Amino acid sequence: MKLHEKYMSRCIQLAKNGLGTTYPNPLVGCVIVVNDKIIGEGWHYKAGEPHAEVNAISNVKDPELLKEATIYVSLEPCSHFGKTPPCSHLIISKGIKNIIVGSVDPNPKVAGRGIKKLQDSGCNVISGVLEAQCNELNKRFFTFHRNKRPFIFLKWAETLNGFIAPKKETRSATTPVWITNKFSRQLVHKMRSEEMAILVGTNTVREDNPSLTLREWAGQNPIRIIIDKELKLSSKYSVFDGSAETLVFTSRNAKPPVGLEHPLHYLQIDFTKEIASQICQILYEKGIQSLIVEGGAKTLATFITTNLWDEAFIFIGPSQFGEGISAPTIKGNLVFESNIKKDRILHLKNFKP
């Protein structure tokens, strides 16, 4: 079993290379081994492109070795035809008899069918190797399919004395007040590159005029999501500049302007009912698997009080405000605590299983 864990660990390491580029597909890594030697490995790069198993098999220089090989894959091989043929069929056709699987795919299109297909074809299948780590790898994908909502990250920066913003009267209009250093902000942009969408409320747009795009990290801009109940925000704000797809949740029935480079959609919800759950339902229907909720205080509280969050990243800067807007109160399991120069970062997980 230790040997299996060694190669499954390598699968997980490979799979992480696809974070931010495989949506709506999961992260998958694959390693092919003969006589305790890796002869091929690969990961899934992007939706619509070959899966990890295909890439690993194509990297094997001598295909004859596949008949005596063991293939390790972090997620159950697919058994259905999508944009690419099923990987379970490929494994069978190449004569690979030993398959080691990390976790079972929760997607109803797979959900054990890949493993059954392999077993019915005479293959030896062992599943559940480093299962917890493999499940963690695809926490976004698993939450989306099991809970019918995106995986939700909360993120905010607060001062040493617990404020996320200064008193309104003490700041200049639409100019961000930076609490953390430039390295912490770069990390935030890296986080944005890894997730599908990012959400803020009306006041954050009005006070900070954020772009919510990637400027300090390479990658694809997340979908911007704005809560603007009464459509008070004008088109002058950066979130409406057409540089990324933007969704606006509102109580009004409105039509977006035409001619933008990326689409702008208005989505009507009932603000007399629970807002966060309505947003999650619509984002699930749109296939959005992960969401960063960046603020402000009222918006963050909406998700915290309804317990619709999975992980939280709290950036604590060394500065202090005399008065201002208090940071949210949240309780969770501390995963880790780290420092970026004088900034402190807390990573929490929700208590719920």
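Residues numbered from 1 in each chain as written. Predicted model: local features only at pLDDT ≥ 70, side-chain atom pairs only at ≥ 80, totals over all residues. Heavy atoms only, no water.

In the annotation of an unreviewed UniProt entry, the entry for the protein reads Riboflavin biosynthesis protein RibD, and the organism field reads Aequorivita ciconiae. According to the UniProt record, the Function (unreviewed entry) comment for the protein is "Converts 2,5-diamino-6-(ribosylamino)-4(3h)-pyrimidinone 5'-phosphate into 5-amino-6-(ribosylamino)-2,4(1h,3h)-pyrimidinedione 5'-phosphate." (UniProt positions renumbered as here; feature names shortened; annotations may be inferred.)

Undergrad: Please clarify how the side chain of E294 should be interpreted in this entry.
TA: Tracing the chain through its elements places E294 in strand 12 (residues 290-295). By relative accessible area, E294 is classed as buried at 15%. At 3.2 Å, the side chain of E294 and the side chain of R192 are in polar contact. Residue contacts for E294: discarding those within four places in its chain leaves K155, V188, R192, I198, L199, V200 and L212. (Helix = DSSP H or I, 4+ residues; strand = E, 2+ residues; numbered from the N terminus. Buried < 20%, exposed > 50% of the residue type's maximum accessible area, 1.4 Å probe, protein only. Polar contact = N/O pair within 3.5 Å; in protein donor to acceptor, adjacent residues only side chain to side chain. Contact = heavy atoms within 4.5 Å.)

Undergrad: Sorry, what's going on with the pairing of strand 15 (residues 333-340) here?
TA: Every other side chain in a regular strand lies on the same face of the sheet, so the side chains alternate between the two faces. When strand 15 meets strand 16 (residues 343-349), the two strands line up antiparallel, connected through seven bridges. Bridge assignment links E337 to a residue of strand 16, and that residue is L346. Once strand 15 ends, the chain turns through two residues before running back antiparallel as strand 16, passing K341 with a positive phi of about 55°. (Pairing = 2+ DSSP bridges.)

Undergrad: What is the right way to read the sheet that holds strand 9 (residues 223-227) from this model?
TA: Backbone-to-backbone hydrogen bonds pair the strands of a sheet. The strands run either parallel or antiparallel. Taking strand neighbours across the sheet as the criterion, the nine strands line up as 11-10-9-8-12-6-13-16-15 in an open arrangement whose pairing is mixed. The open sheet is flanked by strand 11 (264-268) and strand 15, the only strands paired with a single partner. Shown here is a sheet whose adjacent strand axes are inclined to one another by a mean of 20°, direction ignored. As paired elements, strand 8 (residues 197-201) and strand 9 share five bridges and run parallel to each other. Of the residues in strand 9, the one forming a bridge with V200 is I226. Of the strands in this sheet, strand 6 (151-158), strand 8, strand 9, strand 10 (246-250), strand 11 and strand 12 touch helix 9 (residues 275-285), which is tilted by about 145° from strand 10. In the packing of helix 10 (residues 297-305) onto the sheet, contacts are made with strand 6, strand 8, strand 9 and strand 12, and the angle to strand 6 comes to roughly 135°. (Axes fitted to C-alpha atoms, helices over the stretch in contact; angles between N-to-C directions.)

Undergrad: Quick question: what am I supposed to make of the domain arrangement of the protein here?
TA: The figure often quoted for interface size is the accessible area lost as the parts come together. Each assigned domain of the protein is listed here: domain 1 (3-141) and domain 2 (148-349). Placing a centre on the C-alpha atoms of domain 1 and another on those of domain 2 gives a separation of 35 Å. At the interface, eight residues of domain 1 touch ten residues of domain 2. Carbon and sulfur atoms make up 50% of the area that domain 1 and domain 2 hide from each other, which totals about 840 Å². Broken down residue by residue, the surface that domain 1 buries against domain 2 is led by Y23, K139 and R140, which jointly contribute 61%. (Domains from an automatic or database assignment. Buried area = accessible area lost by both parts, 1.4 Å probe.)

Undergrad: Would you explain the packing of aromatic side chains in this entry?
TA: When we look at a pair of aromatic rings, we describe it by the centre distance and by the angle of the planes. Scanning the entire structure with this criterion turns up six aromatic pairs. Consider the rings of F144 and Y284, whose centres lie 4.7 Å apart with planes at 45°: the pair is tilted. With F144 in helix 6 (residues 139-147) and Y284 in helix 9, this pair connects stretches of sequence that are 140 residues apart. Given a relative accessible area of 22%, Y284 falls into the partly exposed group. Relative to F153, the ring of F151 has its centre 4.9 Å away and its plane inclined at 55°; by these criteria the two rings are tilted. Neither residue differs from the other here; F151 and F153 are each classed as buried. Cluster of aromatic residues (ring-pair linked, three or more members): F151, F153 and F313. Lying across the ring of F315, K155 places its NZ or CZ 5.9 Å from the centre. Above the plane of the ring of W178 lies R185, whose end atom (NZ or CZ) is 4.3 Å from the centre. (Phe/Tyr/Trp six-rings, centres within 6.5 Å; stacked < 30°, edge-to-face > 60°. Lys NZ or Arg CZ within 6 Å of the ring centre and 35° of its normal.)

Undergrad: Whenever I open this one, the UniProt feature "active site" (unreviewed entry) in the protein confuses me. Can you help?
TA: Those places that UniProt annotates as "active site" (unreviewed entry) correspond, in this numbering, to E53. In this structure, E53 sits in helix 2 (residues 52-58). Judged by relative accessible area, which is 3%, E53 ranks as buried. Ignoring sequence-local partners within four residues, the contact set of E53 consists of C30, I71, V73, L75, P77, C87 and I91.

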